[in-house]
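Topology and contacts: notes
Each chain is listed here by its residues.
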Amino acid sequence: MSAFVYLSSIIMVMASERVYWFWAGLDFESVFLLGAFYVIPASVGIWAVALTPAKRPYQVVLAGAIFAFVVEGVLTPIIYGDGPLPIMAAMFVGWHGLISFVGFWYLTRTWLVNGETGRLSIVAAGFGSFWGVWAVVSAVTDPPETAEIGFDATLLAPGGFARYALAVGATFALAHWLIGYVWPVGWRPSKFSTWAIATIAVAYMVVAVLPAVIWAPIKLAVLIGGTWLLIRLSRMQVSQDEPSIIDKLNGHPRLRRIAPILLMPLTAALAYAATWAVRGYGELMGGVYWVLVGAQITVGAAAFIWAGRRAVGRDKRRRSLGKSPLNRAPTERHTT
């Protein structure tokens, strides 16, 4: 079980850290040690999927939101930067939740197990293109994080980024191949493991976050508690006989199914090179950067609202009306 969680953490780290902050480089510490660090939020997200147990994609979106809140609210105090507002929370639901947890972990695994190589290829190529553009504009625009670490955006030329992207893609693909050997079957978390994870997360937050933001537990409790309530309510919207997400994703895809993942670093390198050529246009770079940040916030908020509505059954009445005889297409009237 520990290998399953650790490999899941590595998969999520590839998006949350190595794609988002590409200029930090790729070495043993930035992958394997950071993967161990990310075991805390990865465990919380996976436990949210397994404890319900989640059976539908919108439940995974909610679990991904919890993963995002733990990453930026327990490991770091980032989501408290906007006070009581949910803007930063929505932004990281858009990245950590949707890209790392839902995209890199859940959807990629789904397509691999189901043999949907065409869909995987299209999404990998599309996301790689986004990654290449994001890597340039997020560096050249020089947000505060890059200034703090003294990053010089001119250091990594297209060739260097291409090698970096290939290493990230290969690590991502390898983790998905290895995790098939340890994917659990019929697994439900024990009370002991659940309490252990919660205790570790709280203890880390007390040390890393609480001294800087004394009111952090209030906001975090609202975000995680509210999302967990939605996941619990969602149990009423699905059949209890349906297999859980964890059970559905069991399997060991062959390497040829995993190969399309490598389209991601290929298109990322091409997009990076094209964007690199116009990096001197500061206003253009800044405009694209803030559009992409705004998209993260908007998509994150929209996905959470959609999943929340599904969880509480807001569209239940609409579905019932759709099934009503009054709304069915007219049929021929038979007479005798």
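To be clear, the structure that these remarks concern was listed above.
This write-up is about the structure you can find in this document. Model, not experiment: these values are computed from the prediction. Residue numbers restart at each chain and count upward from 1, following the sequence in its written direction. Confidence filtering applies because this is a predicted model: local features only for residues at pLDDT of at least 70, side-chain atom pairs given and counted only at 80 or more, and all residues used for totals across whole chains, interfaces and linings. Side-chain numbers come from the whole structure's heavy atoms, not from hydrogens or water.

**Describing the overall build of the protein chain**
Comment: elements are numbered from the N terminus, with helices defined as DSSP H or I runs of at least four residues and strands as E runs of at least two. Assigned secondary structure in the protein chain consists of 15 helices and zero strands. Here the term buried applies to any residue with accessible area under 20% of the maximum for its type, exposed to any over 50%, and partly exposed to those in between, with areas from a 1.4 Å probe on protein chains only. Taking all 336 residues of the protein chain together, the buried fraction comes to 49%. Accessible area for the protein chain stands at about 16,100 Å²; split by element, carbon and sulfur atoms hold 67% of it. In short, Shrake-Rupley with a 1.4 Å probe defines the accessible areas, and a residue's cover is counted only from the protein chains shown.

**Description of the nonpolar core**
Throughout this description, the term nonpolar core refers to a set of buried Ala, Val, Leu, Ile, Met, Phe, Trp, Tyr and Cys residues connected via side-chain atoms within 4.5 Å. The biggest cluster of nonpolar side chains holds 100 residues, and the ones touching the most others in it are Phe4, Phe104, Trp105, Trp131 and Phe161. In this structure, Phe4 is in contact with Ile46, Trp105, Ile179, Val182, Trp183, Pro184, Trp187 and Ile246, ignoring residues within four places of it in sequence. Between two residues, a contact is recorded if the distance between any of their heavy atoms is within 4.5 Å.

**What about the packing of aromatic side chains?**
Aromatic ring pairs are reported here in terms of the distance separating the ring centres and the angle at which the planes meet. Two rings belonging to Phe, Tyr or Trp (six-membered ring only in the last case) form a pair when the distance between their centres is within 6.5 Å. Interplanar angles under 30 degrees mark stacking, angles over 60 mark edge-to-face geometry, and anything in between is tilted. Throughout the structure, instances matching the rule amount to 27 aromatic pairs. When the centroid spacing of 4.6 Å and the interplanar angle of 90° are considered together, the rings of Tyr20 and Trp95 count as edge-to-face. Of this pair, Tyr20 sits in the loop between α1 (2-19) and α2 (28-37) while Trp95 sits in helix α5 (residues 87-114); the two residues are 75 residues apart in sequence, bridging distant segments of the chain. By the burial criterion, Tyr20 is buried, and Trp95 matches it. Seen from their ring centres, Trp95 and Phe130 are 5.9 Å apart, and the 45° between their planes marks the pair as tilted. Here Phe130 lies in helix α6 (residues 117-140) and Trp95 lies in helix α5, a separation of 35 residues in the sequence. A residue is classified by how much of its surface remains accessible, and Trp95, at 0% relative accessible area, is buried.

**With respect to the environment of Ala212**
Relative to the elements of secondary structure, Ala212 occurs in the loop between α9 (191-208) and α10 (216-233). For Ala212, a relative accessible area of 61% gives the class exposed. When the C-alpha atoms of Ala212 and Pro77 are compared, they prove to be 7.8 Å apart, with 135 residues separating the residues in sequence.

**What about the layout of surface pockets?**
Any residue with an atom within 4 Å of a point lines the site, the site being either a cavity, points on a 1 Å grid over the protein atoms alone where a 1.4 Å probe fits but cannot get out, or a pocket, an open set with protein on both sides within 12 Å along at least 5 of 7 lines. Grid points are joined across faces, edges and corners, and a volume is the space filled by probe spheres set on the points. In this structure, the second largest pocket spans a volume of roughly 530 Å³. Around the second largest pocket sit 20 residues that line it, and Val44, Ile66, Ala198, Ala201 and Ile224 are the ones nearest its centre. When residues of the lining of the second largest pocket are traced back to their parent elements, those giving at least two are α3 (39-51), α4 (57-75), α9 and α10. Top element by residues in the lining of the second largest pocket is α9. It accounts for seven residues. Note that Gly is not counted as nonpolar here; it falls among the polar residues with everything else outside the nonpolar set of Ala, Val, Leu, Ile, Met, Phe, Trp, Tyr, Cys and Pro and the charged set of Asp, Glu, Lys and Arg. A per-class count over the lining of the second largest pocket returns 18 nonpolar, two polar and no charged.

**Considering the pattern of salt bridges**
The rule for a salt bridge is simple: a side-chain nitrogen of Lys or Arg has to be within 4 Å of a carboxyl oxygen of Asp or Glu. Counted according to the given criterion, the structure contains five salt bridges. The partner of Glu242 in a salt bridge is Arg56, and the shortest N-O contact between them spans 3.1 Å. One end of the pair, Glu242, is in the loop between α10 and α11 (245-248); the other, Arg56, is in the loop between α3 and α4, and 186 residues separate them in sequence. Residue Glu242 is classed as buried on the basis of its relative accessible area, which comes to 17%. Put simply, Glu242 and Lys248 hold a salt bridge, and the shortest N to O gap is 2.8 Å.

**Quick word on the packing of α3 against α4**
Helix axes are fitted to C-alpha atoms over the stretch in contact, other axes to C-alpha atoms as well, and angles between N-to-C directions run from 0 to 180 degrees. Between α3 and α4, whose axes approach to 8 Å, the crossing angle comes to 155°. One element, α3, and the other, α4, form an angle in the roughly antiparallel class. Relative to α4, the crossing made by α3 is right-handed. Here Ile40, Pro41, Ala42, Val44, Gly45, Ala48 and Val49 of α3 lie close against α4, whose contacting residues are Ala63, Ile66, Phe67, Val70, Val71 and Leu75. Looking at side-chain class alone, the contact of α3 with α4 contains 12 nonpolar, one polar and no charged residues. Geometric relationships in this document are graded by angle, where less than 35 degrees denotes roughly parallel, more than 145 denotes roughly antiparallel, 65 to 115 denotes roughly perpendicular, and other angles denote oblique. By definition, turning the near helix anticlockwise from the far helix through less than a right angle yields a left-handed crossing, and turning it clockwise yields a right-handed one.

**Describing a nonpolar patch on the surface**
On the surface, a cluster of nonpolar side chains totalling about 350 Å² of accessible area is made up of Leu174, Leu178, Tyr181 and Val182. With respect to the helices, strands and loops of the structure, Leu178 is situated in helix α8 (residues 158-179). Leu178 gets classed as partly exposed once you look at its relative accessible area, which sits at 32%. Exposure above 30% relative accessible area and the absence of a salt bridge qualify a residue for a patch, where like charges join within 9 Å and nonpolar side chains (Val, Leu, Ile, Met, Phe, Trp, Tyr) within 5 Å.

**Let's talk about α5**
One less than the residue count of a helix, multiplied by 1.5 Å, gives the span that helix is expected to have. Its 28 residues place the ends of α5 only 36 Å apart at the C-alpha level, less than the 40 Å of an ideal helix rising 1.5 Å per residue. The largest bend along α5 reaches roughly 45° and is located at Gly103. Within α5, 24 of the 28 residues are buried, which leaves it mostly tucked inside the rest of the structure. Positive phi shows up at Gly115, right after α5, with a value of about 70°. The bend at a residue is defined as the angle formed between two axes, one fitted to the seven residues ending at that residue and one fitted to the seven starting there.

**Regarding the packing of α4 against α5**
Put simply, α4 and α5 touch, their axes get as near as 7 Å, and they point 120° apart. Taken together, α4 and α5 sit at an angle that is classed as oblique. Once α4 is placed against α5, the crossing between them reads as right-handed. Contacts between α4 and α5 pair Pro57, Val60, Val61, Ala63, Gly64, Ala65, Phe67, Ala68, Phe69, Val71 and Glu72 from the former with Ala89, Phe92, Val93, His96, Gly97, Leu98, Ser100, Phe101, Val102 and Tyr106 from the latter. Of the residues that constitute the contact of α4 with α5, the class distribution is 16 nonpolar, four polar and one charged.

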